[in-house]
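Take a look at the letters that make up each chain.
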Amino acid sequence: MHDLRYAFRQLLKSPGFTAVSVLTLALGIGANTAIFSLLDAVVLRPLPVRHPEALALLSPGKTAPSASTGPHSLAYPMYRALRDQVSPVFDGLLCHFRLFANVRARGETQRLTVELVSGNYYRVLGVGTALGRTLTPDDDRQPGAHPVAELSYDYWISAFGGDPAVLGQTIHFNGQPLIVVGVSEKGFTGVDLDFNPQIRVPMMMTAALFPSMTWVGLGNSTMRWVEVFGRLKPGVSLGQAQSALQPLYRSWMQSAIDSGAYGQLTKSDREKFLHSSLDVLSGARGTSFLQADWSRPLRLLSVMGALLLLLTCVNIASLFIGRGIARRGEIAVRLALGASRARIVAQLFVESLLVAGLGGAAGIWLAPLVTNALAPLLPVTTDSPANISTNLNGYILLVSVGVTALAAILAGLLPALLATRGDLAPSLRQATTRTLPRGRFRQALVVAQVSASVLLLFGSGLFVRSLQNLYRISPGFKTDAVVAFGLDPVLNGYSRARAEEIYQQVRERLAAMPGVDSAAIGLVRLLGGTDSWASGTAVDGLPPPADGNQNIFCNAISPEYFRTLHIGFRQGRDFRASDKTDSPAVVIVNRAFVRHFLGRVEPLGRHTWLSSSQGGFRLAEIIGVVEDTYYNSMHGDSPVQVFVPYSQFFTVSGMNGYVRSSLPPDQVVALVRTAVRAVDPTLPIHALRTMNEQRDRSLGTERVIALLATAFGGLATLLAGVGLFGVLNYTVARRTPELGLRMALGAPGGRVAWLVIREVIVLCGCGLAIAIPVAWAASRLVASQLTGITPTDPLTAAAVVLALALVAFVATAIPARRAARIDPMVALRAD
């Protein structure tokens, strides 16, 4: 306590030193805590369920053509067959599916996130309730027999004010009445980080609540749409569970093929089905596109944050070394009077520990502000807010305290040891003179600062240039002057036929409005992240592609779609209003499809297999070829795509409209609202934004990485500049007698300034010599995050060197000028 009181007094006597040290550490610790809290929330944190480590996710391997809503989806009949036969390895299998619905409660209708779940969902996860009961297997035995709903805790609080009387109340779900039977326990947000369900209903209510969405039929064996999780029995590993599932999986596939569920398959497709596998993955953290997209970037940012923290500690250590030099006389006197070196080191270390504690506290206070500012920038993969908690839990606070302690050791212990070393006599003599010791260790610290700042600057430069390249890439369609929006009449309880009429009426009204060039609709939202329709296909009469990949991306569109988005035609014709369900099936493919499946074969008139609304596959004629476009993201190459008329597609739920107009975007938004209200005033509009905004959202990951990397690089460079300035100031003060003597003997001021500048060149050169090979060795860590640029980009390297030279010039200007203006007589007289 005596040392602590003394440390407080010493720091209060040097407010400038204290403020700079605390602020610097606060920035370093706060940035690391913020990034780690995001890493924990997105990547590391397990699901809020009982023993999440025992959860497993079932994921199909490569199969023959089969439509799918996601990479881990299974057909519901397959889930049911596995659920009833896997008792040796699983305590239970659950399935779920996420989507949206219009829910009317307490006189207000909202578009909410909902989840269809199997009756054992809560039991398998080990989740209880805050009120009432959970959904049970009895609620999920017969189609449409149990119109009940479970509310999430957050929705119960926001919509019902936490009223216990909600139990037994009726809510209208897509026009159908449901009885509320319970509220999920607080903190449970589901098994998907991308989606926060507000209401859960039994899987067996699918047809009753979503009658037009026939593609999610519980008896459809060809459509993979439910995600399946299982709870492993004690002692059963993922590998053992996978081995146990393979015979069951292949037996089910054999039965499905023999029953004709997949139609007429080629020999190669049949073999592919029968030799496919069912993977069993860890389900401890659920499933999330956001998690997959952000795992590597957040780890890279964590490395950059750790490097920044190290740079911060080096800077503070340099300040403490300078402070120790200024107190060398005091320390020498205390040693001469009998104080032990360990006692003085302990007292000096308490000062650094106090500074680190203040900086850590400020950093922990700053971290939630940074995290809350960053969380909205994370690109959500759906219109649902992500399940990201930015609260600092005990785990994150413990890590932050550990980081603070590490900073105290790195920044304070070594300076304390250096301040107490050496003989007493020289130190006592120096206490009465202006002679200062050489600062070689401080110079070494500056070299380390320069190296770290070069690494961070180079990394940020690569990310910024990669982002610029992404914006330069054409998506294959014109995003300018286009407004997009989403409609889902099915959520208002409309039939498929009525929904199709609504889309047609809205499109025709928009196209007829003054200032509108054209309007169209499409099922899959362009650049919409996870919004996709993947399937498999084959061209009739032709062998499979050489690589065996028969997967395609599909979209159901209206006439005028290609004209509205300025997608060029290569061959053939556009869809017509006459392309209806009762007319021959037709498709339009892109050039990538032709290259992949047809090669030099003429595409027009050929037939390709597509999923049918009645199950199995049907043949569709290729009537046109369009230019390649990007699909749901701007990464990689434009994919193989097939377009079908939305009027021939088996569902028109959740379509997206596109309006091209030369009018300002806000006026086009008003026109969209007017057109929709004229058709149905109760129909909600979602995702109403310009295509330029949609493109920005699709590049959200890259924009956040570039922003944070640039912030880290800029802060690191600032710290390096401060370090250079401090060392040069110290050098000029230490060499003042020598420099004064040189000038007294006739040396010009420019020559004296050059002595200072030369030291900067040497320090920066040493820093570059260390940073360049390290950057080259670490380049592979960022290669996968870059687009159109190599990790050893020479232009970025040149820009970093130029930035470092500018910082060095600014840091050198004042000390060099001060050295050049030394008065020889004053310097010699003081010495």
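Provided above is the structure to which this section pertains.
Residues numbered from 1 in each chain as written. Predicted model: local features only at pLDDT ≥ 70, side-chain atom pairs only at ≥ 80, totals over all residues. Heavy atoms only, no water.

1. Observations concerning the overall build of the protein
Note the following rule: A run of H or I in DSSP counts as a helix once it spans at least four residues, and a run of E counts as a strand once it spans at least two, with each numbered from the N terminus. Throughout this description, buried means an accessible area under 20% of the type-specific maximum (1.4 Å probe, protein chains only), exposed means over 50%, and partly exposed covers the range between. Contacts are assigned to residue pairs with any non-hydrogen atoms lying within 4.5 Å of each other. Computed with the Shrake-Rupley method and a 1.4 Å probe, the accessible areas treat only the protein chains shown as cover for residues.
Along the protein, the regular secondary structure elements total 24 helices and 24 strands. Buried positions account for 54% of the 831 residues belonging to the protein. Across the protein, every contact between residues at least 6 apart in sequence was considered, and the portion connecting residues at least 24 apart equals 81%. By element, 60% of the accessible surface of the protein is carried by carbon and sulfur atoms, the whole surface being about 34,400 Å².

2. Brief notes about the pattern of salt bridges
Stated precisely, the cut-off is as follows: One side-chain nitrogen of Lys or Arg within 4 Å of one carboxyl oxygen of Asp or Glu is enough to make a salt bridge.
Considering all chains together, one arrives at 15 salt bridges under this definition. In this structure, the salt-bridge partner of Asp40 is Arg45, at a minimum N-O distance of 2.6 Å. Assessed through its relative accessible area of 24%, Arg45 is described here as partly exposed. One network of salt bridges, with partners in common, ties together Arg570, Arg591 and Glu627.

3. Quick look at the pairing of strand 1 (residues 55–60)
A regular strand places its side chains so that they alternate between the two faces of the sheet. Formally: One requirement defines pairing of two strands: DSSP has to find at least two bridges between them.
With six of six residues buried, strand 1 is to be regarded as a mostly interior element. Here strand 1 shows two buried faces, one formed by Leu55, Leu57 and Ser59 and the other by Ala56, Leu58 and Pro60. Two strands pair when backbone bridges link them, and strand 1 and strand 12 (residues 226–232) are joined in this way by four bridges, in the antiparallel orientation. Its bridge partner lying in strand 12, Leu58 is registered against Val228. Bridge count between strand 1 and strand 13 (residues 278–282): five bridges; the pairing is antiparallel. Bridge pairing in strand 13 places Leu57 opposite Leu281.

4. Comments concerning a nonpolar patch on the surface
Let me state the cut-off plainly: Think of a patch as exposed residues, more than 30% relative accessible area, with no salt bridge, where like charges cluster within 9 Å and nonpolar side chains (Val, Leu, Ile, Met, Phe, Trp, Tyr) cluster within 5 Å.
A cluster of nonpolar residues, Ile409, Leu413, Leu414, Leu417 and Phe441, forms a patch on the protein surface that exposes about 370 Å² of accessible area. Broken down by element, the residue count for the nonpolar patch peaks at four residues, all from helix 12 (residues 394–419). You can see Leu414 is positioned in helix 12. We classify Leu414 as partly exposed; its relative accessible area is 37%.

5. Points about the side chain of Arg695
Rule in force here: The charge count includes Lys and Arg as positive and Asp and Glu as negative, but it does not include His or the ends of the chains.
Here Arg695 shows up in helix 19 (residues 691–698). Despite being buried, Arg695 has no salt bridge partner; Asp696 is the closest side chain of opposite charge, sitting 6.4 Å away. Arg695 has contacts with Leu470, Tyr471, Arg472, Ile473, Pro475, Thr479, Leu527 and Met634, leaving out every residue within four places of it along the chain.

6. Overview of the side chain of Arg224
Selection rule: Counting of polar contacts relies on pairs of N or O atoms within 3.5 Å, with two restrictions inside protein: one atom must be capable of donating a hydrogen and the other of accepting it, and residues adjacent in sequence are counted only when both atoms are side-chain atoms.
Structurally, Arg224 can be placed in strand 11 (residues 223–224). Notably, Arg224 is buried but unbridged: the nearest opposite-charge side chain belongs to Glu227, and the N-O separation is 9.9 Å. Here the side chain of Arg224 touches Ser73 through a polar contact of 3.4 Å, landing on its backbone oxygen.

7. Points about the packing of helix 3 (residues 76–83) against helix 7 (residues 238–258)
A pair of packed helices can be characterised by two numbers: the angle between their axes and the separation between those axes. Our working rule: Note on method: axes are straight lines fitted to C-alpha atoms, helices fitted across the in-contact stretch only, with angles between N-to-C directions ranging 0 to 180 degrees. The cut-offs work like this: below 35 degrees is roughly parallel, past 145 is roughly antiparallel, 65 to 115 is roughly perpendicular, and the gaps in between are oblique. Left-handed describes a crossing whose near helix is turned anticlockwise from the far helix by less than a right angle; the clockwise case is right-handed. Only Asp, Glu, Lys and Arg are considered charged in this grouping, and only Ala, Val, Leu, Ile, Met, Phe, Trp, Tyr, Cys and Pro are considered nonpolar; every other residue, Gly among them, is considered polar.
Direction vectors running N to C along helix 3 and helix 7 enclose 135°, while the axes themselves pass 10 Å from each other. Relative to helix 7, the element helix 3 lies oblique. Here helix 3 and helix 7 pass one another in a crossing that is right-handed. Across the interface between the two elements, Pro77, Met78, Ala81 and Leu82 from helix 3 touch Leu245, Leu248, Tyr249, Trp252 and Met253 from helix 7. Of the residues contributing to the contact of helix 3 with helix 7, the split by class is nine nonpolar, no polar and no charged.

8. Let's talk about the nonpolar core
We count it as follows: We define the nonpolar core as a collection of buried residues of types Ala, Val, Leu, Ile, Met, Phe, Trp, Tyr and Cys that are connected through side-chain atoms lying within 4.5 Å of one another.
Judged by nonpolar contacts, the single largest core of 63 residues is most densely connected at Phe90, Ile171, Phe173 and Ile199. If one sorts the elements of this core by residue count, strand 4 (residues 90–105) sits on top with nine residues. Not counting residues up to four positions away in its chain, the partners in contact with Ile171 are Val103, Arg104, Ala105, Ala149, Leu151, Phe160, Gln176, Pro177, Leu178, Val180 and Ile199.

9. Some points on the packing of aromatic side chains
Which entries qualify depends on this criterion: Geometry of aromatic contacts follows a simple scheme: Phe, Tyr and Trp rings, the Trp one being its six-membered ring, pair when their centres are within 6.5 Å, and the pair is stacked under 30 degrees between planes, edge-to-face over 60, tilted otherwise.
Applying the stated criterion across every chain yields a total of 16 aromatic pairs. Measuring from centroid to centroid gives 5.6 Å for Phe100 and Phe195, while their planes differ by 75°, and the two rings are edge-to-face. Of the two residues, Phe100 is situated in strand 4 and Phe195 in the loop between strand 9 (176–184) and strand 10 (199–202); the sequence distance between them amounts to 95 residues. The exposure classification of Phe100 matches that of Phe195, with both residues buried. Taking the centre distance of 5.3 Å and the plane angle of 80° together, the rings of Tyr121 and Tyr122 count as edge-to-face.

10. A closer look at helix 22 (residues 749–782)
What counts, and what does not: Here a helix's expected span is defined as the number of its residues, less one, multiplied by 1.5 Å. Bend at a given residue is defined as the angle between two axes, one fitted to the seven residues that end at that position and one fitted to the seven that begin there.
Helix length check: helix 22 (34 residues) gives 47 Å between terminal C-alpha atoms against 50 Å at 1.5 Å per residue, within 8%. Along helix 22, the helix axis deviates most sharply at Trp776, where the bend reaches about 35°.

11. A look at the environment of Arg98
Along the chain, Arg98 turns up in strand 4. A sequence separation of 15 residues divides Arg98 from Thr113, and the C-alpha atoms of the two residues are 7.4 Å apart. A polar contact of 2.7 Å, which involves the side chain of Arg98, links it to the side chain of Asp192.

12. Points about helix 23 (residues 794–820)
When the terminal C-alpha atoms of helix 23 are compared, their 36 Å separation across 27 residues agrees well with the 39 Å that a helix rising 1.5 Å per residue should span. Within helix 23, the axis deviates most sharply at Ala813, by approximately 40°, and proline Pro815 lies no more than four positions further along. Of all the residues in helix 23, the buried ones are Thr796, Val800, Leu804, Ala808, Ala811, Thr812, Pro815, Ala816 and Ala819.

13. Points about unusual backbone geometry
Glycine aside, a negative phi is what most residues show, and trans is what most peptide bonds show. For His51, which is not glycine, the phi torsion reads 45° and is therefore positive. Take His51: it is sitting in the loop between helix 2 (15–44) and strand 1. Positioned with a positive phi, Ala687 is a non-glycine residue whose angle comes to about 50°. With respect to the helices, strands and loops of the structure, Ala687 is situated in strand 24 (residues 686–690).

14. Notes on the packing of helix 2 against helix 11 (residues 341–374)
Where helix 2 contacts helix 11, the two axes come as close as 6 Å, and the packing angle between them is 45°. One element, helix 2, and the other, helix 11, form an angle in the oblique class. The way helix 2 lies across helix 11 gives a crossing that is right-handed. On helix 11, the residues touching Ser21, Val22, Leu25, Ala26, Leu27, Ile29, Gly30, Thr33, Ala34, Ile35, Ser37 and Leu38 of helix 2 are Val355, Ala356, Leu358, Gly359, Gly360, Ala362, Gly363, Leu366, Ala367, Val370, Thr371 and Leu374. Split by residue class, the contact of helix 2 with helix 11 holds 16 nonpolar, eight polar and no charged.

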